[in-house]
Amino acid sequence: MSELEITSQLRTIFSSLVNRLTEMQALLQQEHLALTKNEIDNITALAKHKEKLSQHIEYQEALRRSLLEKYQLPFGKKSLEMLSRHVPKTIILELLRAWDKVVSLSRD
């Protein structure tokens, strides 16, 4: 697999992670509101949705780690730095922004 194919897969994974983590952030805010209002039915539905989202996030992260491991790349930003030697700078910058967004959303 070429570096461009790896970065294409990473782009897809990061996009999915950003979308799901953004959705999780909104869901957690809804859950907080439901908890403060003691809306038991809503809390249950939100918890089920949160579990599905968590599974999807874990799956995407497993895909990312598996891809990087397969090509003996480090798990963090260093993998993007290593790929930058063989891939156009615009692609790497896009991936770096996406990675930073994933990290930021995960922390939030």
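Keep in mind it's a predicted model, so treat the numbers as computed, not measured.

Peer 1: Quick one: what's the story with the overall build of the protein chain, residue by residue and with numbers?
Peer 2: Looking only at helices and strands, the protein chain features 4 helices and 0 strands. Relative to the globule expectation of 13 Å for 108 residues, the C-alpha radius of gyration of the protein chain, 17 Å, shows a markedly less compact shape. Judged by the C-alpha coordinates and their principal axes, the protein chain covers about 55 × 20 × 15 Å. Within the protein chain, the fraction of its 108 residues that count as buried is 31%. Of all intrachain contacts in the protein chain linking residues separated by at least 6 positions in sequence, the fraction that spans at least 24 positions is 67%. Counting only carbon and sulfur atoms, one obtains 52% of the accessible surface of the protein chain, whose full area is about 7100 Å². Charged side chains in the protein chain number 16 positive and 14 negative. The centres of these two groups are separated by 5 Å.

Peer 1: Could you give me a rundown of helix α1 (residues 3-37), with the residues and numbers involved?
Peer 2: With 35 residues, α1 extends 50 Å between its outermost C-alpha atoms, agreeing within 8% with the 51 Å of an ideal straight helix rising 1.5 Å per residue. Backbone geometry just downstream of α1 places N38 in the positive-phi region, at approximately 55°.

Peer 1: Let's hear about the packing of aromatic side chains: which residues, and what values?
Peer 2: Aromatic ring pairs are reported here in terms of the distance separating the ring centres and the angle at which the planes meet. Per the stated rule, a full pass over the model turns up 1 aromatic pair. Across from the ring centre of F75, 4.3 Å away, lies the NZ or CZ of R65, which sits over that ring.

Peer 1: Hey, could you go over the pattern of salt bridges for me, with residue numbers and the actual values?
Peer 2: It is possible for side chains of opposite charge to pair when their charged atoms get near one another. Enumeration according to the criterion identifies 6 salt bridges in this entry. Each of E61, R64 and R65 takes part in a single network of salt bridges with overlapping partners.

Peer 1: Explain the nonpolar core to me, using residue names and the numbers behind them.
Peer 2: One finds L10, F14 and L17 to be the most contacted residues of the largest nonpolar core, which totals 27 residues. Broken down by secondary-structure element, the contributors of at least two residues to this core are α1, α2 (40-70), α3 (78-83) and α4 (89-107). It is α1 that contributes the most residues to this core, 10 residues altogether. Not counting chain neighbours up to four residues away, the residues in contact with L17 comprise I57, Q60, E61 and V102.

Peer 1: Run through the packing of α1 against α2, naming residues and quoting values.
Peer 2: Interhelical geometry of α1 versus α2 gives an angle of 160° and a closest axis separation of 9 Å. By the criterion of interaxial angle, the relationship of α1 to α2 is roughly antiparallel. Considering the relative orientation of α1 and α2, their crossing is left-handed. The class makeup of the residues in the contact of α1 with α2 is 18 nonpolar, 8 polar and 6 charged.

Peer 1: Could you give an account of α4, with specific residues and numbers?
Peer 2: For an α-helix the count is 3.6 residues per turn, leaving residues at separations of three or four pointing the same way. Counted at 1.5 Å a residue, the expected span for α4 with its 19 residues is 27 Å, and the 27 Å between its end C-alpha atoms agrees. Taken together, the buried positions of α4 are I91, I92, L95, A98, W99, V102 and L105. Each buried residue of α4 sits inside an arc of 155° when the element is viewed along its axis, so together they form one side. Exposed residues on α4 whose side chains face more than 90 degrees from its buried face are K89, T90, R97 and R107.

About the criteria used
Residues numbered from 1 in each chain as written. Predicted model: local features only at pLDDT ≥ 70, side-chain atom pairs only at ≥ 80, totals over all residues. Heavy atoms only, no water. Helix = DSSP H or I, 4+ residues; strand = E, 2+ residues; numbered from the N terminus. Rg over C-alpha atoms; globule rule 2.2 N^0.38 Å. Buried < 20%, exposed > 50% of the residue type's maximum accessible area, 1.4 Å probe, protein only. Contact = heavy atoms within 4.5 Å. Areas by Shrake-Rupley, 256 points an atom, 1.4 Å probe, with all protein chains shown as cover. Lys, Arg positive; Asp, Glu negative; His and termini not counted. Charge placed at Lys NZ, Arg CZ, Asp CG, Glu CD. Expected span 1.5 Å × (residues − 1). Phe/Tyr/Trp six-rings, centres within 6.5 Å; stacked < 30°, edge-to-face > 60°. Lys NZ or Arg CZ within 6 Å of the ring centre and 35° of its normal. Salt bridge = Lys/Arg side-chain N within 4 Å of Asp/Glu carboxyl O. Core = buried A, V, L, I, M, F, W, Y, C linked by side-chain atoms within 4.5 Å. Axes fitted to C-alpha atoms, helices over the stretch in contact; angles between N-to-C directions. Parallel < 35°, antiparallel > 145°, perpendicular 65-115°, else oblique. Left-handed = near helix turned anticlockwise from the far one by under 90°. Nonpolar A, V, L, I, M, F, W, Y, C, P; charged D, E, K, R; others polar. Arc of directions from axis to C-beta.

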